[in-house]
Amino acid sequence: MNKDLRVTVLGAGNMGSALMGGMLQAGVVTRQNLCATVKSEPHAVELAARYEVRVTTGGNAEAAADADVVIVAVKPGYAMGVLNEIAPRLKPGQVIVSVAASLPIAMIESALPFTLPVFRAMPNIPVVVGEGATAVCCNGSATGEQRDLVESIFRAVGVACFVEEDMMDAVTALSGSGPAYIYMVIEAMISGGVKMGLSHGVATRLAEQTVLGAAKHVRETGLHPAILRDQVITPGGVTIVAIHELEKHGLRSTILSAIESATLHSRSRTAVLAEKLKHEHKPNDK
Ligand SMILES: NC(=O)c1ccc[n+]([C@@H]2O[C@H](COP(=O)([O-])OP(=O)(O)OC[C@H]3O[C@@H](n4cnc5c(N)ncnc54)[C@H](OP(=O)(O)O)[C@@H]3O)[C@@H](O)[C@H]2O)c1
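Just so you know, these numbers come straight off a predicted model, no measurement behind them.

Draft legend 1. Focus on the site of the ligand. Lining the immediate environment of the ligand, one finds 21 residues, of which Asn14, Met15, Ser40, His43 and Val74 sit closest. Between His43 and the ligand, the recorded distance is 2.6 Å, taken from a side-chain N or O atom to an oxygen atom. Expressed as a share of its isolated accessible area of 890 Å², the protein-covered part of the ligand is 79%. For the shell around the ligand, the elements supplying multiple residues, two or more each, are α1 (14–26) and β2 (34–38).

Okay, here's the thing in structure tokens:
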């Protein structure tokens, strides 16, 4: 860890504060060198007490001025406003990281006073329990060292991988929205257990651990999920009866279609947002 690394989180809500907690716990940054901004005073007080770091209401430009890494974690609709606000105080060498969904790197660059390394990340909500899945892309100005640094920030709250920017809509559909699909699977498994007579508590414990355990099994064996599925099946047994039902109702095909539709929706939303922001925010003179 670079003990002198200074990180600022602009908009420390659900995502931003989870990143703060992860970075502190992993030792990516020290409390003295981490600061954040939010909109409301009570939230600023609560966050400052929770993490023992400096948190201000607004003051984005001052907070960003001395940071090595500036993380933009406000809602996508506010991101360009915040970037325009900090632009006059930015300095060469700073790294910009945005987690704003659907906001293209080119739009972020258009708000900057000069060329800077820009990273666009799509984390997901399990970052709050340190098990997020984040995909990251960056512009051509990012060095290998800066890529490692940004990767270490997202590894502090789960796993991180780099993709090309044109894959970010697919990432949004797969892992960005993915927790919602799995919550539905867990919910349905609980309901199935309860229907068959298990208590809600026991069904919940068994369902959540089954999903957790299956995911860990895939990761740790490195085997294709179809091989692991076949290992659970006994000829003429219980599992194959359930699998036949799932196949009749198109489980795999449904999930595949869901990810395809969500990707296309994300792609059109990205285009709409870019068009809207182009009219609302004039690029800074370079
Ligand atoms: N949540 C997810 O699952 C998820 C997944 C991937 C990406 N993201 C991205 O993460 C970003 C944040 O999402 P979120 O769910 O964390 O939202 P959130 O909880 O609403 O956080 C946004 C934060 O921004 C603060 N804020 C608003 N205006 C501000 C300003 N002008 N200056 C400084 N701070 C300001 C708010 O302060 P107050 O709390 O005081 O109102 C709030 O803490 C979004 O761009 C989203 O696309 C989220």
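Draft legend 2. Structural detail: helix α2 (residues 41–51). Those residues of α2 that fall on the buried side of the exposure criterion are Ala44, Leu47 and Tyr51. For α2, the arc enclosing every buried residue in end-on projection is 70 degrees, short of the 170-degree limit, so these residues lie on one face. Looking at α2, the residues exposed on the side facing more than 90 degrees away from the buried face are Pro42 and Ala49.

Draft legend 3. Region of interest: α1. An ideal rise of 1.5 Å per residue puts 18 Å on 13 residues; α1 measures up with 18 Å between its terminal C-alpha atoms. Summarising burial for α1: ten of the 13 residues are buried, a large majority. Those residues of α1 not exposed but buried are Met15, Gly16, Ser17, Ala18, Leu19, Met20, Gly21, Gly22, Met23 and Leu24. In this structure, the buried residues of α1 make contact with β1 (7–10), β2, α2, β4 (69–72) and α6 (144–155). Once α1 ends, the next one or two residues include Gly27, with phi positive near 75 degrees.

Analysis parameters
Residues numbered from 1 in each chain as written. Predicted model: local features only at pLDDT ≥ 70, side-chain atom pairs only at ≥ 80, totals over all residues. Heavy atoms only, no water. Near = heavy atom within 4 Å. Polar contact = N/O pair within 3.5 Å; in protein donor to acceptor, adjacent residues only side chain to side chain. Areas by Shrake-Rupley, 256 points an atom, 1.4 Å probe, with all protein chains shown as cover. Helix = DSSP H or I, 4+ residues; strand = E, 2+ residues; numbered from the N terminus. Buried < 20%, exposed > 50% of the residue type's maximum accessible area, 1.4 Å probe, protein only. Arc of directions from axis to C-beta. Expected span 1.5 Å × (residues − 1). Contact = heavy atoms within 4.5 Å.

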